[in-house]
Amino acid sequence: NAGVMQNPRHLVRRRGQEARLRCSPMKGHSHVYWYRQLPEEGLKFMVYLQKENIIDESGMPKERFSAEFPKEGPSILRIQQVVRGDSAAYFCASSQDITYGYTFGSGTRLTVV
Amino acid sequence: AQSVTQLDSQVPVFEEAPVELRCNYSSSVSVYLFWYVQYPNQGLQLLLKYLSGSTLVESINGFEAEFNKSQTSFHLRKPSVHISDTAEYFCAVEETSGSRLTFGEGTQLTVNP
């Protein structure tokens, strides 16, 4: 079992470009969560998805950010027109059931220059 | 809504000394409690969790945490730390009916020789 796979590990974008972050959950996991970790801070919840459904997006910024988890393929976190304040580590987690806990990926470190 | 407070942002200790990392939470409903560890440039790894039953939970590498409902705390302890325990530790809670983890700001544990 390969665990939660995130790619790329590191991503550099210029201001105004788009960033696409991918997350493949563990096999058998149907719940995906995205978290953001700003420098020197803890993790902040962004969005919770199940296949083809956004369950809770209360942590997502209102503009420029979107997420999807299609029937086939990885979950995608998309940031349009990136700004320097978007620089952070973005972590994906997946779960089968809360009693089994969450499994986190190694994260994507986004740097906006 | 729930919140988590980790009272110490930095905890330096000497090797083989005991350590306690403090965590308090606030929630109006029942919660599950977790401790995660993050090594530099890596994702979060589940250290231990409290779901129900015995209030004292243990990890395989010597850490333990005790759920204290009256004090709304879930402090992490280890009687004798190793250099390899140097990492950032995050306390997290989830409502038993909820769908996301809420993290504390993290505690950087540094074990010195």
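Before going into details, it helps to say that this report is about the structure given with it. All figures in this text were calculated on a predicted structure; none of them were measured in a lab.

**A few points about the side chain of B:Gln6**
Residues and elements named next belong to chain B.
(1) Moving on: Relative to the elements of secondary structure, Gln6 occurs in the loop between β1 (3-5) and β2 (10-14).
(2) Moving on: What makes Gln6 buried here is its relative accessible area of 10%.
(3) Moving on: Looking at Gln6, its side chain comes within polar contact range of the main-chain nitrogen of Cys91, at 3.0 Å.
(4) Moving on: Apart from residues lying up to four places away in sequence, Gln6 is in contact with Arg22, Trp35, Tyr89, Phe90, Cys91, Gly104, Glu105, Gly106 and Thr107.

**What to know about the layout of surface pockets**
(1) Moving on: Empty space within the largest pocket amounts to approximately 570 Å³.
(2) Moving on: Lining the largest pocket are 26 residues, and of these A:Gln37, A:Pro39, A:Glu40, B:Gln38 and B:Glu88 sit closest to its centre.
(3) Moving on: Residue composition of the lining of the largest pocket, grouped by class: nine nonpolar, twelve polar and five charged.
(4) Moving on: As a volume, the second largest pocket reaches approximately 160 Å³.
(5) Moving on: Among the residues forming the lining of the second largest pocket, the class breakdown is five nonpolar, four polar and one charged.

**So, the interface of chain B and chain A**
(1) Moving on: Contacts between the two partners involve 18 residues from chain B and, on the opposite side, 22 residues from chain A.
(2) Moving on: At the boundary of chain B with chain A, the tally comes to two salt bridges.
(3) Moving on: A salt bridge links A:Asp56 to B:Arg100; its shortest N-O distance comes to 3.5 Å.
(4) Moving on: Viewed at the interface, chain A and chain B are joined by eight residue pairs in polar contact (both at pLDDT 80 or more).
(5) Moving on: For the side of chain B that touches chain A, the elements supplying multiple residues, two or more each, are β5 (31-38), β6 (44-50) and β10 (87-95) of chain B.
(6) Moving on: Tallying contributions element by element places β5(B) first for the side of chain B that touches chain A, with four residues.
(7) Moving on: Its residues assigned to classes, the side of chain B that touches chain A comprises eight nonpolar, six polar and four charged.

**Considering the nonpolar core**
A general feature of soluble globular proteins is that nonpolar side chains tend to end up buried together.
(1) Moving on: One finds B:Leu33, B:Trp35, B:Leu47, B:Leu48, B:Phe74, B:Leu76 and B:Tyr89 to be the most contacted residues of the largest nonpolar core, which totals 27 residues.
(2) Moving on: Looking at this core, the elements with two or more residues in it are β2, β3 (19-21), β5, β6, β8 (64-68), β9 (73-78), β10 and β12 (107-112) of chain B.

**Some details on the state of the cysteines**
A covalent bond between the sulfur atoms of two cysteines is referred to as a disulfide.
(1) Moving on: As enumerated under the stated definition, the model contains two disulfides over all chains in all.
(2) Moving on: There is a disulfide in this structure between A:Cys23 and A:Cys92, and the S-S distance comes to 1.8 Å. Every disulfide takes its handedness from the sign of the S-S torsion; for A:Cys23 and A:Cys92 that torsion is -55°, giving left-handed. You can see A:Cys23 sitting in strand β3 (residues 19-24) and its partner A:Cys92 sitting in strand β9 (residues 88-95), a full 69 residues away along the chain. Accessibility classification places A:Cys23 together with A:Cys92 in one group, the buried group.
(3) Moving on: Disulfide pairing places B:Cys23 opposite B:Cys91 at an S-S distance of 2.0 Å. Around the S-S axis, the bridge from B:Cys23 to B:Cys91 shows a dihedral of about -65° and counts as left-handed. With B:Cys23 in the loop between β3 and β4 (24-26) and B:Cys91 in strand β10, this pair connects stretches of sequence that are 68 residues apart. Each of the two residues, B:Cys23 as well as B:Cys91, counts as buried.

Cut-off values and rules
- Residues numbered from 1 in each chain as written.
- Chains lettered and ligands numbered in written order.
- Predicted model: local features only at pLDDT ≥ 70, side-chain atom pairs only at ≥ 80, totals over all residues.
- Heavy atoms only, no water.
- Helix = DSSP H or I, 4+ residues; strand = E, 2+ residues; numbered from the N terminus.
- Buried < 20%, exposed > 50% of the residue type's maximum accessible area, 1.4 Å probe, protein only.
- Polar contact = N/O pair within 3.5 Å; in protein donor to acceptor, adjacent residues only side chain to side chain.
- Contact = heavy atoms within 4.5 Å.
- 1 Å grid on protein atoms, 1.4 Å probe; cavity = no way out; pocket = protein on both sides within 12 Å on 5 of 7 lines; lining within 4 Å.
- Points joined across faces, edges and corners; volume = space filled by probe spheres on them.
- Nonpolar A, V, L, I, M, F, W, Y, C, P; charged D, E, K, R; others polar.
- Salt bridge = Lys/Arg side-chain N within 4 Å of Asp/Glu carboxyl O.
- Core = buried A, V, L, I, M, F, W, Y, C linked by side-chain atoms within 4.5 Å.
- Disulfide = S-S within 2.5 Å.

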